[in-house]
Amino acid sequence: MQLALNGATTLRADLETDIRAASEAGFDYLEIWASKLHAFLESHTTGDLNNLFATHDLKPYSINSIERITFRDAGEHRALLAQCEDLCRTAAEICCPYIVVVPSPLPADVSRSEVIEESTRVLSELGGIAGRYGVDLAFEFLGQKDCSVQTLALADEIVGRVNRKNVGLVLDSFHFYAGGSTIDSIAALDPNRLFIFHINDAESLPREQLEDRHRLLPGLGILPLKAIIQALKGIGYDRVASVEIFRPEYWERDPFEMARQARTAAERVVKA
């Protein structure tokens, strides 16, 4: 697997700093944090961004992310379609292959079948937009108990029903563990449908108490990373492992040093 830095790990740095830090640390790719992209494009062009990536011998891997894509009202859904169109146009201009899309919290009194129906409908519509730009969408389940899609198995069932080559999955090790996903659910995956692997670790807390702020560098916590990576290799996944960590303590560190630490930790765990 090649390695990527996700802009969440260095959340308080701007996009240009993320590119420089990821490059100097030896990463192959950067997952672009969407708000940093918007801020950059307020005073630059996508051509400027392409030049910046080229200068630093780095490639964009995804734009992360479009949030809460399901269970919107009509006006919010129209805004979602416009946001998807805009980000897909930008992704195409900077040769960024993926956009991460995230399901909404679970509304009251909504059944599993209704979650599947709604998620399939929205992903199919967004996938049609993305397809016009040659962009793929990576659907990321969230392990927190209030999310409408909490497990890899359910996310995979939804993506299977969408049945578009440009709609696939994100597997985040934190959400995998927090939501109670199983190693067997990795073994059941079609590797062609798994677009992104987010690698991170977590503090030793009960699953139901884990929050994003409890994430750690790979290898420093209690997540079953060895078993997850062995299972991924077992199905032939060989794309990218991207370090995504929402830890406020890490945001206080120098982004160049944080990127170096992330690269060293991820490489150690993936190679082991």
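Conventions used here
Residues numbered from 1 in each chain as written. Predicted model: local features only at pLDDT ≥ 70, side-chain atom pairs only at ≥ 80, totals over all residues. Heavy atoms only, no water. Helix = DSSP H or I, 4+ residues; strand = E, 2+ residues; numbered from the N terminus. Rg over C-alpha atoms; globule rule 2.2 N^0.38 Å. Buried < 20%, exposed > 50% of the residue type's maximum accessible area, 1.4 Å probe, protein only. Contact = heavy atoms within 4.5 Å. Pairing = 2+ DSSP bridges. Axes fitted to C-alpha atoms, helices over the stretch in contact; angles between N-to-C directions. Parallel < 35°, antiparallel > 145°, perpendicular 65-115°, else oblique. Nonpolar A, V, L, I, M, F, W, Y, C, P; charged D, E, K, R; others polar. Salt bridge = Lys/Arg side-chain N within 4 Å of Asp/Glu carboxyl O. Core = buried A, V, L, I, M, F, W, Y, C linked by side-chain atoms within 4.5 Å.

Participant: I tried to follow the overall build of the chain on my own but got confused; where do I start?
Facilitator: Counting secondary structure elements, the chain contains 11 helices and 10 strands. Scaling as 2.2 N^0.38, a compact globule of 272 residues should have a C-alpha radius of gyration of about 19 Å, and the chain matches this with 18 Å. Each of the three principal axes of the chain carries a C-alpha extent, and together these read 45 × 40 × 35 Å. Within the chain, buried positions represent 54% of all 272 residues. A separation of at least 24 residues holds for 81% of the contacts in the chain among residues at least 6 apart in sequence.

Participant: I keep staring at the sheet that holds strand β5 (residues 136–140) and nothing clicks. Help me out?
Facilitator: Backbone hydrogen bonds are what pair the strands of a sheet, in a parallel or an antiparallel way. On the basis of which strands lie adjacent, the closed barrel formed by eight strands has the order β1-β2-β3-β4-β5-β6-β7-β10 and parallel pairing. The average undirected angle you get between the axes of adjacent strands in this sheet is 30 degrees. Where strand β3 (residues 59–66) lies against strand β4 (residues 98–101), four bridges are found, and the strand directions are parallel. What sits directly across from S62, in β4, is Y98. Helix α2 (residues 34–41) contacts β2 (29–33) and β3 of the sheet and is inclined by roughly 80 degrees relative to β2. Contacts between helix α11 (residues 255–271) and the sheet are confined to β1 (2–6), β7 (194–199) and β10 (240–243), with β1 contributing the most and set at about 145 degrees to the helix.

Participant: For this particular structure, what's the right way to read unusual backbone geometry?
Facilitator: A negative phi holds for most residues other than glycine; trans holds for most peptide bonds. A cis geometry characterises the amide bond from N64 onward to S65, with omega recorded as 15 degrees. With respect to the element layout, S65 can be found in strand β3. Despite not being glycine, D57 has its phi angle at roughly 50 degrees, a positive value.

Participant: Please explain the packing of α2 against helix α4 (residues 74–93) as it appears in this structure.
Facilitator: The description of two helices packed together rests on the angle between their axes and the distance between the axes. Their axes nearest at 13 Å, the elements α2 and α4 cross at an angle of 75 degrees. The orientation of α2 relative to α4 falls into the category roughly perpendicular. Taken together, the residues of α4 that come into contact with α2 (itself represented by L37, H38 and L41) are D86, L87 and T90. Each residue belonging to the contact of α2 with α4 can be placed in one class, and the counts come to three nonpolar, two polar and one charged.

Participant: It is not clear to me how the pattern of salt bridges should be interpreted in this structure. Could you clarify?
Facilitator: Close approach of charged atoms lets side chains of opposite charge pair. Enumeration over the complete set of coordinates arrives at 19 salt bridges. Close ionic contact of R215 with D212 constitutes a salt bridge, the shortest N to O distance being 3.0 Å. Taking the relative accessible area as the measure of exposure, R215 reaches 0% and is therefore buried. Given a relative accessible area of 25%, D212 falls into the partly exposed group. Residues participating in the shared-partner salt-bridge network are D172, D212, R215 and E244.

Participant: What should I look at first to understand the nonpolar core in this one?
Facilitator: Most often, soluble globular proteins have nonpolar side chains that are buried together. If you look at the biggest cluster of nonpolar residues, it comprises 84 residues, and the most contacted ones within it are F27 and I99. Counting residues per element, this core draws most heavily on α11, at eight residues. Core analysis: the next-biggest nonpolar cluster, separate from the first, contains 13 residues, A4, Y98, V100 and L142 among them.

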